[in-house]
Amino acid sequence: METDKAVTKETPLFKAIPKLKEKIPHIALTEGPTPVFKLEKLGAYLGIEKLYCKDEGATGTLYGGNKPRKLEFLFGDAISKGAKRVITFGAVGSNHAVATAAYAKKLGLAATALLVPQPKTESCHKNLLYHSVLGTELIMVTAETREAKTQELIKLYEEKEGVAPYVIPTGGTNEIGILGFVNAGIELSYQIEAGDMPPPDVIYIASGTSGTISGITIGLKIMKQKATLKPIRVSDPAFWTQARTDDFIKQTASILEKQAGISIDIQETDCRIIDDYYGKGYGVETPELREVLDTVAKLEGLNLEIVYTTKPMAALFDDAKKGELAGKVVLYWKTNNSIDLKPMIEKGDKSLLPQEFQEYV
């Protein structure tokens, strides 16, 4: 069910499958459809005549990238259950955690983030200052203590606030959050129908917790698009396994099949994560990645970042050099935030953060 009556734009998932509108909670947080455009200069450089980009950078006004798409369905579900608070997870510099807190505040919900230590980075500095403005409750945990602390907080806030907090998983990735990218896959199909680009032969995209790629796989299937998805791994393969991705796809497809009475023909080969660009670990920069990032910025003015969006572009570069993309319609799906957060960050106050987080700022 749509929970924001003021929104008039039609949600692609509900346009494609109208009976879902009254069955799946959703609240509009995005400014879609996100643009699709041709990368003329980069295409000429790589020898790809039909190279396009779908840019998720400004999906929402508070925080862009792929996060708000999942949060539209997660917050829709939370509000339908009467939640007053959300609990979510990540590392200290988690983009997901700060996006969740930002949209929680917009919707009048409290936010608690359980965060694990990580190496000190610029994202830690920026996101923690943003949290200080948002008033997020920040709690330091370890992988070993996280679950016990979560259960403790659920009990505490259920007694204190009269309703259990709504738990949003790491990256917003579960069968509810994934619906956001089923929606995105369908949105792309409507853009193809409108003539924004020809049907792509291949799509390059980053794979972190795999929610984005799981949803796009299903969305493209629903709309009978034939593109080959090339998800490039950016997260730990020991934890975010191919088997987990397969399960996410099955669970989400099952919800849609049951709610809408449709059949979605998912094959094992539809979404195979490519591990070749993970390198030495999460977010580890190399000279090769830096060269790709700088080349794209110079030719197209497109701002990528090392952790997520440069790796699928590096795979695209390599495949182009091998001649594998000659004559093909290629889509690069950019998933990082491009909203300027500087005005909010400048309002941040380190002293408002718990002591254990202040060393990161």
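All values reported here derive from a predicted model rather than from experimental measurement. (Residues numbered from 1 in each chain as written. Predicted model: local features only at pLDDT ≥ 70, side-chain atom pairs only at ≥ 80, totals over all residues. Heavy atoms only, no water.)

Considerations on the state of the cysteines
Here is step 1: The tally for this structure, following the rule as stated, stands at 0 disulfides.
Here is step 2: Considering cysteine sulfurs only, Cys271 is the nearest to Cys53, which forms no disulfide, with 19 Å between them. (Disulfide = S-S within 2.5 Å.)

Some thoughts on the nonpolar core
Here is step 1: Ranked by size, the top nonpolar core spans 40 residues in total, and within it Leu13, Leu188, Ile222, Leu256 and Trp333 carry the most contacts.
Here is step 2: Counting only elements with at least two residues in this core, the list comes to helix H1 (12-16), helix H7 (179-193), strand S7 (202-207), helix H8 (211-222), helix H9 (242-260) and strand S9 (329-334).
Here is step 3: A total of 8 residues in this core trace back to one element, the largest contributor, which is H7.
Here is step 4: In contact with Leu256, not counting residues within four places along its chain, are Leu13, Leu20, Ile24, Leu179, Val182, Ile218, Ile222, Gly261, Ile262 and Ile264.
Here is step 5: In this structure, Tyr63, Phe75, Val98 and Tyr130 belong to the second largest nonpolar core, which totals 35 residues. (Core = buried A, V, L, I, M, F, W, Y, C linked by side-chain atoms within 4.5 Å. Buried < 20%, exposed > 50% of the residue type's maximum accessible area, 1.4 Å probe, protein only. Helix = DSSP H or I, 4+ residues; strand = E, 2+ residues; numbered from the N terminus. Contact = heavy atoms within 4.5 Å.)

Focus: the environment of Ile274
Here is step 1: Assignment of secondary structure puts Ile274 in the loop between H9 and helix H10 (287-300).
Here is step 2: Measuring from C-alpha to C-alpha, the distance between Ile274 and Gly177 comes to 23 Å, with 97 residues separating the pair along the chain.
Here is step 3: When near neighbours in sequence (up to four residues on either side) are disregarded, Ile274 contacts Lys230, Pro231, Ile232 and Arg233.

Remarks on the environment of Glu300
Here is step 1: One can find Glu300 in helix H10.
Here is step 2: With relative accessibility at 25%, the residue Glu300 sits in the partly exposed group.
Here is step 3: Taking the C-alpha atoms as reference, Glu300 lies 6.9 Å from Leu39; in sequence the two are 261 residues apart.
Here is step 4: Those residues in contact with Glu300 that lie beyond four places of it in its chain are Leu39, Glu40, Lys41 and Leu42.

Details of the sheet that holds strand S6 (residues 166-167)
Here is step 1: The parallel open sheet is built from 4 strands, whose spatial order is S5-S4-S3-S6. Looking at which strands have only one partner, the edges of the open sheet turn out to be strand S5 (137-140) and S6. (Pairing = 2+ DSSP bridges.)

Thoughts on the packing of H8 against H9
Here is step 1: Viewed as axis vectors pointing N to C, H8 and H9 meet at an angle of 45 degrees, and their least axial separation amounts to 9 Å. Between H8 and H9, the angle is such that the two are oblique. Between H8 and H9 lies a crossing of right-handed hand. Along the contact surface, H8 presents Ile213, Ser214, Thr217, Ile218 and Ile222, while H9 presents Thr245, Phe248, Ile249, Thr252, Ala253 and Leu256.
Here is step 2: Residue composition of the contact of H8 with H9, grouped by class: 7 nonpolar, 4 polar and no charged. (Axes fitted to C-alpha atoms, helices over the stretch in contact; angles between N-to-C directions. Parallel < 35°, antiparallel > 145°, perpendicular 65-115°, else oblique. Left-handed = near helix turned anticlockwise from the far one by under 90°. Nonpolar A, V, L, I, M, F, W, Y, C, P; charged D, E, K, R; others polar.)

A few points about the side chain of Ser189
Here is step 1: If you trace the backbone, Ser189 turns up in helix H7.
Here is step 2: Among all residues touching Ser189, those that are not within four sequence positions of it are Met223 and Gln225.

Focus: the confidence of the model for the protein chain
Here is step 1: Residues at a pLDDT of 70 or more form 98% of the protein chain, whose mean pLDDT is 94.
Here is step 2: The low-confidence segment residues 2-8, where pLDDT is below 50, has 11 contacts with residues more than four positions distant or belonging to other chains. (pLDDT = per-residue confidence, 0-100.)

Examining helix H5 (residues 122-134)
Here is step 1: Given a rise of 1.5 Å per residue, 13 residues ought to cover 18 Å, and the 19 Å separating the end C-alpha atoms of H5 matches this to within 8%.
Here is step 2: Buried within H5 we find Cys124, Asn127, Leu128, Leu129, Tyr130, His131, Ser132 and Leu134.
Here is step 3: Against helix H4 (95-106), S5, helix H12 (342-345) and helix H13 (355-358) lie the buried residues of H5.
Here is step 4: After H5 finishes, the residue Gly135 shows a positive phi value of roughly 80 degrees. (Expected span 1.5 Å × (residues − 1).)

Here we look at the environment of Lys221
Here is step 1: When you line up the elements, Lys221 lands in helix H8.
Here is step 2: Look at Lys221 and you get partly exposed, because its relative accessible area is 28%.
Here is step 3: Counting along the chain gives 49 residues from Lys221 to Asp270, while the straight-line C-alpha distance between them is 9.2 Å.

Regarding the pairing of S7
Here is step 1: With 6 of 6 residues buried, S7 lies mostly within the body of the structure.
Here is step 2: Neither face of S7 is open: one carries Val202, Tyr204 and Ala206, the other Ile203, Ile205 and Ser207, and all of them are buried.
Here is step 3: With 6 bridges joining them, S7 and strand S8 (residues 228-233) adopt parallel strand pairing. From the neighbouring strand, Ile203 faces S8, where its bridge partner is Leu229.
Here is step 4: Assessed by its sense of winding, the connection that carries the chain from S7 through H8 to S8 is right-handed.
Here is step 5: Both S7 and S9 contribute to a ladder of 3 bridges, which runs parallel. Within the sheet, the bridge partner assigned to Val202 lies in S9 and is Val330. (Right-handed = clockwise from strand over helix to strand, strands pointing away.)

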